[in-house]
Amino acid sequence: MTHDAASGTPEAAPVQRSWRMLGVVVGVAALVWLGDFLTKEWVIASMAEGERREVLGELLQWHFVRNPGAAFSLAAGSTWIFTILAAGVVVFIATQTRRIRSPLWAAAFGALLGGTLGNLTDRLTREPGFFVGHVVDFIQVWGFPAIFNIADIFIVSSMCLIVLLVLLNIGLDGHRHTDEPSTAEGADAPAEPGTDAAGPRA
């Protein structure tokens with residue numbers, strides 16, 4: 001194992017951290033996908049399409065519907081477009097995971113990947129056919145204008161976390177980046193002629 005001459009830290013450390021973060025992404029994505037898949041299978045096996053069941057009165061209900069479009073059933077006749085978009089999201093996340101050094105970014109990407117794969121699985125495997133399958137939705141909350149599923153929850157939550165990280169200027173490496181010069185850079189700057197650390201020479 002070699003060492004960085006400036007910091008004295010092993011060069012292998014960033015690689016090991018990269019693999020750990022990749023494990024977080026894959027682990028979170030797998031848990032989200034599995035939870036989404038199992039709940040949808042339970043709904044299909046135990047409820048008829050269109051059926052409602054009260055969980056917390058009118059506040060929370062299970063309402064089994066098949067959604068051919070996007071959120072709020074928009075563009076219901078263009079299911080194939082959302083299949084392509086979902087596949088594009090999966091490819092983008094796969095190309096970015098090796099750059100991640102931050103646990104928060106890894107969790108956000110994992111949740112987004114798992115949620116996207118959950119709905120993509122529906123579009124590829126469920127009725128009416130490959131590439132144009134309808135997404136299984138079943139969670140209805142009083143006052144909310146759409147029925148959704150577990151995958152949708154994690155997609156929205158991960159996007160909120162990603163927006164927050166961007167607003168805080170936290171990069172994929174886990175460091176907060178600013179446009180202001182660092183104190184260290186100012187301290188290392190050469191002194192002007194005729195001055196020393198204590199001030200101008202007389």
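Residues numbered from 1 in each chain as written. Predicted model: local features only at pLDDT ≥ 70, side-chain atom pairs only at ≥ 80, totals over all residues. Heavy atoms only, no water.

**Quick look at the packing of helix 3 (residues 103-125) against helix 4 (residues 150-167)**
Then comes step 1: With their axes 8 Å apart at the nearest point, helix 3 and helix 4 run at an angle of 150° to one another. It follows that helix 3 is roughly antiparallel to helix 4 by the angle criterion. In this structure, helix 3 crosses over helix 4, and the sense of that crossing is left-handed. Between helix 3 and helix 4, the contacting residues are Leu-104, Trp-105, Ala-108, Phe-109, Ala-111, Leu-112, Gly-115, Thr-116, Gly-118 and Asn-119 on the first element and Ala-151, Asp-152, Phe-154, Ile-155, Ser-158, Met-159, Leu-161, Ile-162, Leu-165 and Val-166 on the second. (Axes fitted to C-alpha atoms, helices over the stretch in contact; angles between N-to-C directions. Helix = DSSP H or I, 4+ residues; strand = E, 2+ residues; numbered from the N terminus. Parallel < 35°, antiparallel > 145°, perpendicular 65-115°, else oblique. Left-handed = near helix turned anticlockwise from the far one by under 90°. Contact = heavy atoms within 4.5 Å.)

**Some remarks on the pairing of strand 3 (residues 135-141)**
Then comes step 1: In terms of burial, strand 3 is a largely internal element, six of the seven residues being buried.
Then comes step 2: When strand 2 (residues 60-67) meets strand 3, the two strands line up antiparallel, connected through six bridges. From the neighbouring strand, Val-65 faces strand 3, where its bridge partner is Asp-137.
Then comes step 3: Taken together, the two bridges between strand 3 and strand 4 (residues 147-148) define a ladder with antiparallel strand orientation. Looking at strand 4, one finds that Gln-140 is bridged to Ile-147.
Then comes step 4: Two successive antiparallel strands, strand 3 and strand 4, enclose a turn made up of five residues, where Gly-143 displays a positive phi of approximately 90°. (Buried < 20%, exposed > 50% of the residue type's maximum accessible area, 1.4 Å probe, protein only. Pairing = 2+ DSSP bridges.)

**Quick word on the packing of aromatic side chains**
Given two aromatic rings, one states the distance between the centres and the angle between the planes to describe the pair.
Then comes step 1: All chains considered together, the criterion is met by five aromatic pairs.
Then comes step 2: Ring centres of Trp-105 and Phe-109 lie 5.6 Å apart, and the angle between their planes is 75°; on these two criteria the pair is classed as edge-to-face. Of the two residues, Trp-105 and Phe-109 both sit in helix 3, four residues apart, roughly one turn of that helix.
Then comes step 3: Taking 6.0 Å as the distance between ring centres and 45° as the angle between the ring planes, the aromatic pair formed by Phe-130 and Phe-131 counts as tilted.
Then comes step 4: Overall, the relative accessible area of 64% leaves Phe-130 in the exposed class.
Then comes step 5: Note that Arg-98 overlies the ring of Trp-19, its terminal NZ or CZ placed 4.9 Å from the centroid. (Phe/Tyr/Trp six-rings, centres within 6.5 Å; stacked < 30°, edge-to-face > 60°. Lys NZ or Arg CZ within 6 Å of the ring centre and 35° of its normal.)

**Let's talk about the sheet that holds strand 3**
Then comes step 1: A sheet is described by the order of its strands in space; here four strands give the open sequence 1-2-3-4, paired in antiparallel fashion. Of all the strands in the sheet, the pair left with one neighbour each is strand 1 (52-54) and strand 4.
Then comes step 2: Pairing analysis gives three bridges linking strand 1 to strand 2, with the strands arranged antiparallel. Residue pairing in the sheet places Arg-52 in a bridge with His-63 of strand 2.
Then comes step 3: Each of strand 3 and strand 4 touches helix 4; the most contacted strand, strand 3, lies at about 75° to it.

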